[in-house]
Every structure is written in structure tokens, then in C-alpha cells.
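One-letter residues, chain by chain:
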Amino acid sequence: MEEAGIIGQLGLNWKLFLSQAVNFFILLIILRAFVYKPLISIIEKRNKKIKEGLEKAEEADTRLKEVDNIAKGKIKEAEQESIGIIKNTEAEAKVLAGNLQKKAEERQKELMAQIALSHKKQQEEVKSAVLKEAAELVKKTIIKTVELNPDQIDDALIKKAISQVKNEA
Amino acid sequence: MKHKPKIYAQALAEVILGKDADEKKILENFLKFLQKNGDMGKANQIVSLAKKIFIKKTGRRQLTIESARRIKAKQKELVDSILQKGDVVEEKINKDLLAGIKIIINGEKQFDGSMRKKLNNLFQ
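Calculation notes
Sequence order as written defines the numbering, with residues in each chain counted from 1. Chain letters and ligand numbers both follow the written order, the letters beginning at A and the numbers at 1. Under the rules for a predicted model, residues below a pLDDT of 70 receive no local features and side-chain atom pairs below 80 are neither given nor counted, while totals for whole chains, interfaces and linings still include all residues. Computation of side-chain values covers all heavy atoms of the structure but excludes hydrogens and water. By definition, residues are in contact when any of their heavy atoms lie within 4.5 Å. Accessible area that two parts lose when put together, evaluated with a 1.4 Å probe and summed over both, is termed the buried area. What counts as a salt bridge is simple: a side-chain nitrogen of Lys or Arg found within 4 Å of a carboxyl oxygen of Asp or Glu. Any pair of N or O atoms that falls within 3.5 Å is considered a polar contact. Within protein, one atom must be able to donate a hydrogen and the other to accept it, and sequence-neighbouring residues count only if both atoms are side-chain atoms. Every helix listed is a DSSP run of H or I at least four residues long, and every strand listed is a run of E at least two residues long, numbered separately from the N terminus. All residues other than Ala, Val, Leu, Ile, Met, Phe, Trp, Tyr, Cys, Pro, Asp, Glu, Lys and Arg, Gly among them, are scored as polar; the first ten of these are nonpolar and the last four charged. We call a residue buried when its accessible area falls under 20% of the maximum for its residue type, exposed when it is over 50%, and partly exposed in between, using a 1.4 Å probe and counting protein chains only. The criterion for strand pairing is that DSSP finds at least two bridges linking the strands in question. When charges are counted, Lys and Arg contribute as positive and Asp and Glu as negative, whereas His and the chain ends are disregarded.

Undergrad: So, the interface of chain B and chain A: which residues are in play, and what are the values?
TA: Each partner contributes residues to the interface: chain B has 21 residues there, and chain A has 21 residues. Both faces considered, chain B and chain A share a buried interface measuring about 2100 Å² in area, 75% of it formed by carbon and sulfur atoms. Considering only the side of chain B, the residues that lose the most area to chain A are B:Gln75, B:Phe111 and B:Phe123, jointly responsible for 27% of the buried surface there. Viewed at the interface, chain A and chain B are joined by two salt bridges. The interface formed by chain B and chain A contains five residue pairs in polar contact (both at pLDDT 80 or more). Contributions of two or more residues to the side of chain B that touches chain A are made by helix H4 (73-80), strand S3 (100-105), strand S4 (109-114) and helix H5 (115-122) of chain B. For the side of chain B that touches chain A, the element with the most residues is H5(B), which contributes five residues. Class assignment for the residues of the side of chain B that touches chain A results in 12 nonpolar, six polar and three charged.

Now the structure itself:
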């Protein structure tokens, strides 16, 4: 009685309180059935989608990293290959340049030798021509000398020829 | 041609080789004979061949002496000094020799003492 007295002192009406409680529970049940459960379901679905999305994003990130690593590897490989090709090309170019230089030097030597030979030949030709001309001149001079005094020269030559014939006999 | 030049040459040489033969008369008759036979065209060849046969048979020497000009008396004396009895001597003028002489014995041995030869030797 003491407790009813307190509630009564607080101004509570049991009947009203009970009917409001029943209403509340009925509302609670209805809300739970039609609002809370679908809402929870929607939230769970959304959460699931978000989780899947995050997983996929993570997976994509991982793949992206893998692809990135592969790409880096490929780039490195390509770089090394390029360096190798450049080095090979440089080496080949050096060999080629060396060969070309050697060939050019050989050609130059050949040309020099040809020029020297040609020069020598020309000199010999000139020398030969001069000698020939000089010989002709000397011949002409001797012939003229003979014509000036043929008897004396005849005497000497015939004497010599006869002496030769006698010696041979 | 009635006969070959060699036959004519042999006949001529035989006649000249005969005892007391008058070479000049024999030659004259021989030329008449050639004319009669119509073989005068080969006369030079026949006489040359006959000369060779004659020289061969008699063992004589044939000397061809070439000189640039006619040999003077003094020079002739020198040339005669190498001649033997019976030598057949033929003299030729060959201006190409310029000076001196060229002696050919039996068409084989040659002594070229000409100025041309000396010049050739000098400028060979």
C-alpha cells in the first residue's frame, strides 16, 4: 500500500499506463516486423556489398601491385635488353669503324703505291725518251762526222775488220 | 719452163768446171740457151745457184764485201790481203753501212766492221 501510495503520489494511472504499454508493444511488434527487420536486411545487404567491394578493391589493388611489379620487371628487363643492344651496337660499330679505317688505310696505301708506281713509270718513260733522243742526237752527230771525213773512218774500220778476219782465220 | 732452175744451175756449173773452160763464152752461150728455152726470167736465180754449186764443188770461198762507198786503192790492198787463190769475190755498195766494210764468207761467216754495226752496238 505504501508503494501504491507512492505511485499514486506520482500521479500514475494504472489503467492508462497499461493501455499505453500495450499500445507501445503492439507498435513495437509492428515496427519490428515491417520497419526494423527490412531495414536491418537492407543494411546487411549494403554492408555485404560494401565488404565485397572492399575485398574486390583490395584484390584489384593487389593485382594492380602485381601488374605494377610485372611492368617494373618488364621495364627493367627491357632497359637491360636495351643496354645490351646498345652495348652490342657500340661494339659492332667499333669493329665496323675499325674495319672501315683499316680498309681506308689499305686503300690509301694501294693508292699511294699506285701513284708511286705511276710516278716511277712516268719518270722512266721521260728518262727513256730523253735517252732515246740523246742517242739519236749522238747517232746523227756521229753520222755527220763520218760524212765529213769518210775516207779516214773507212780506213780505220776496214783495217780493223781485216785484222779481225785474219785473226779468225 | 723447160727445166727446173736447179737442173740448169747444175749443168752450168759442170760446164764451167770442165778443163780449159772459157767462163765468159760459156755464160754467153748459156744465156742464149735460156732465151731459146724461154727461161730468161729465171736467169739470175740459175746463175746464183750455179755459183753456189761451183763454189761447193771446187772448195773455194765466196766472199761478199759490202762497203758504204767504192773502196779506194789503198783499202783494196788491205782487202786483197785476206783473199786466197780462187776466192769468188762479190763487191756491193751498201750506203746503210755509213762507213767501214762487212765481209761475208760463204754466206755463213760474217765480219761486220761497219759504222752502222758499231752504232747499233753502242745504242742497243
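Undergrad: Account for the pairing of S3(B), naming residues and giving values.
TA: All names here are of chain B. Of all six residues in S3, six are buried, a share of seventy percent or more. Where burial is concerned, the two faces of S3 agree: the one with Gly100, Lys102 and Ile104 and the one with Ile101, Ile103 and Ile105 are both buried. As paired elements, strand S1 (residues 62-67) and S3 share five bridges and run antiparallel to each other. Residue pairing for S3: Leu63 is matched across the bridge by Ile105. Sheet topology note: the S3/S4 ladder contains six bridges and is antiparallel. In the sheet register, Ile103 faces S4, and the bridge partner there is Phe111. Counted along the chain from S3 to the antiparallel partner S4, the turn is three residues long, and its residue Asn106 has a positive phi close to 55°.

Undergrad: Lay out the side chain of B:Asp112 with the relevant residues and their values.
TA: Residues and elements named next belong to chain B. When you line up the elements, Asp112 lands in strand S4. Buried Asp112, no salt bridge; nearest opposite-charge side chain is Lys102, N-O distance 4.4 Å. At a separation of 2.7 Å, a polar atom in the side chain of Asp112 contacts the side chain of Ser114. When near neighbours in sequence (up to four residues on either side) are disregarded, Asp112 contacts Ile101, Lys102 and Lys117.

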